[in-house]
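Architecture at a glance
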Amino acid sequence: MQVNLFAAMALALSTVAAGHAKAEIIVEDAYARAAMPSAPTGAIFMTLRNDGPEDERLVSVESDAAAKTELHTHIAGEDGVMRMRPIEGGLVIPGGGSHALARGGDHVMLMGLTHPLDQGTQIGLTLGFESGEEIRVDVPVDLER
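In every chain, residue numbers begin from 1 and rise along the written sequence. In view of the model being predicted, local features appear only for residues whose pLDDT reaches at least 70, and side-chain atom pairs are presented and counted only at 80 or more, with totals across whole chains, interfaces and linings using the full set of residues. Based on all heavy atoms of the structure, the side-chain values leave hydrogens and waters out of the count.

1. Focus: the pairing of strand β3 (residues 56-62)
Applicable threshold: When DSSP finds two or more bridges between a pair of strands, those strands are recorded as paired. Each helix is a run of H or I in the DSSP string that is no shorter than four residues. Each strand is a run of E no shorter than two, and both are numbered from the N terminus.
The pairing of β3 with strand β6 (residues 91-93) spans three bridges and is antiparallel. What sits directly across from E56, in β6, is I93. Here β3 runs beside strand β9 (residues 122-129); their pairing, made up of four bridges, is antiparallel. Each bridged residue has a counterpart across the sheet, and for E62 the counterpart in β9 is T126.

Next comes the structure, spelled out in structure tokens:
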């Protein structure tokens, strides 16, 4: 009788564990650019795809390429002029979905570049998620897009 009880408990625990699958974030088509070779700022764009069933939230970004790295978005001001603003609370990447960081929208902002963003080079970026997971990405600089 004890063997059956243990087998039933093991089955119940494996069923619960399977129901709590975590997010599986994939970084696609990442690239960095600056407006001009001597610009003090730059931006990184990419698509974050979540192949897991649970939502995940991108809450931090870090790079040695800049003195300050933030998640930013564009917001229309009262005068109709678009302005960049830091994103508070992070970005949700829905389970089974994706979130694009694209020009004119959400993006990673690099402020106080530590070196010029030269065509064909790469910069390191660390993405921090609410779950505690971190993803390190080597982002190519593509000034031709």
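After that view of the structure, there is still more to cover.
2. Let's talk about the packing of aromatic side chains
Going by this rule: Here a pair means two rings of Phe, Tyr or Trp (six-membered ring of Trp) with centres within 6.5 Å. Their orientation is stacked below 30 degrees between planes, edge-to-face above 60, and tilted elsewhere. Residue exposure (1.4 Å probe, protein chains only): buried if accessible area is under 20% of the type maximum, exposed if over 50%, otherwise partly exposed. Consider the ring centre and the ring normal. A charge sits over the ring if Lys NZ or Arg CZ is within 6 Å of that centre and within 35 degrees of that normal.
Taken as a whole and judged by the stated rule, the model has one aromatic pair. Between Y31 and F45, the aromatic rings sit 5.3 Å apart at their centres with planes inclined by 45°, giving tilted as the arrangement. Taken together, the positions of Y31 in strand β1 (residues 25-33) and F45 in strand β2 (residues 41-50) put the pair 14 residues apart, joining distant regions of the chain. When sorted by exposure, Y31 lands in the same class as F45, which is buried. One Lys or Arg, R145, reaches over the ring of Y31 and ends 3.9 Å from the middle of that ring.

3. Let's talk about the layout of surface pockets
Once rolled over the atoms, a probe with the size of a water molecule shows which space is left empty. This is how it is decided: In this analysis the probe radius is 1.4 Å and the grid spacing 1 Å, with only protein atoms considered; a cavity is a set of points the probe fits into but cannot get out of, a pocket is an open set with protein on both sides within 12 Å along at least five of seven lines, and lining residues have an atom within 4 Å of a point. Grid points are joined across faces, edges and corners, and a volume is the space filled by probe spheres set on the points. Residues are grouped as follows: nonpolar covers Ala, Val, Leu, Ile, Met, Phe, Trp, Tyr, Cys and Pro; charged covers Asp, Glu, Lys and Arg; every other residue, Gly included, is treated as polar.
A volume near 250 Å³ is recorded for the largest pocket. Around the largest pocket sit 14 residues that line it, and R33, A35, G42, A43 and F45 are the ones nearest its centre. Sorting the residues of the lining of the largest pocket by element identifies β2 and β8 (107-113) as the ones contributing at least two each. A total of four residues in the lining of the largest pocket trace back to one element, the largest contributor, which is β2. Classifying every residue of the lining of the largest pocket by side-chain character gives seven nonpolar, five polar and two charged.

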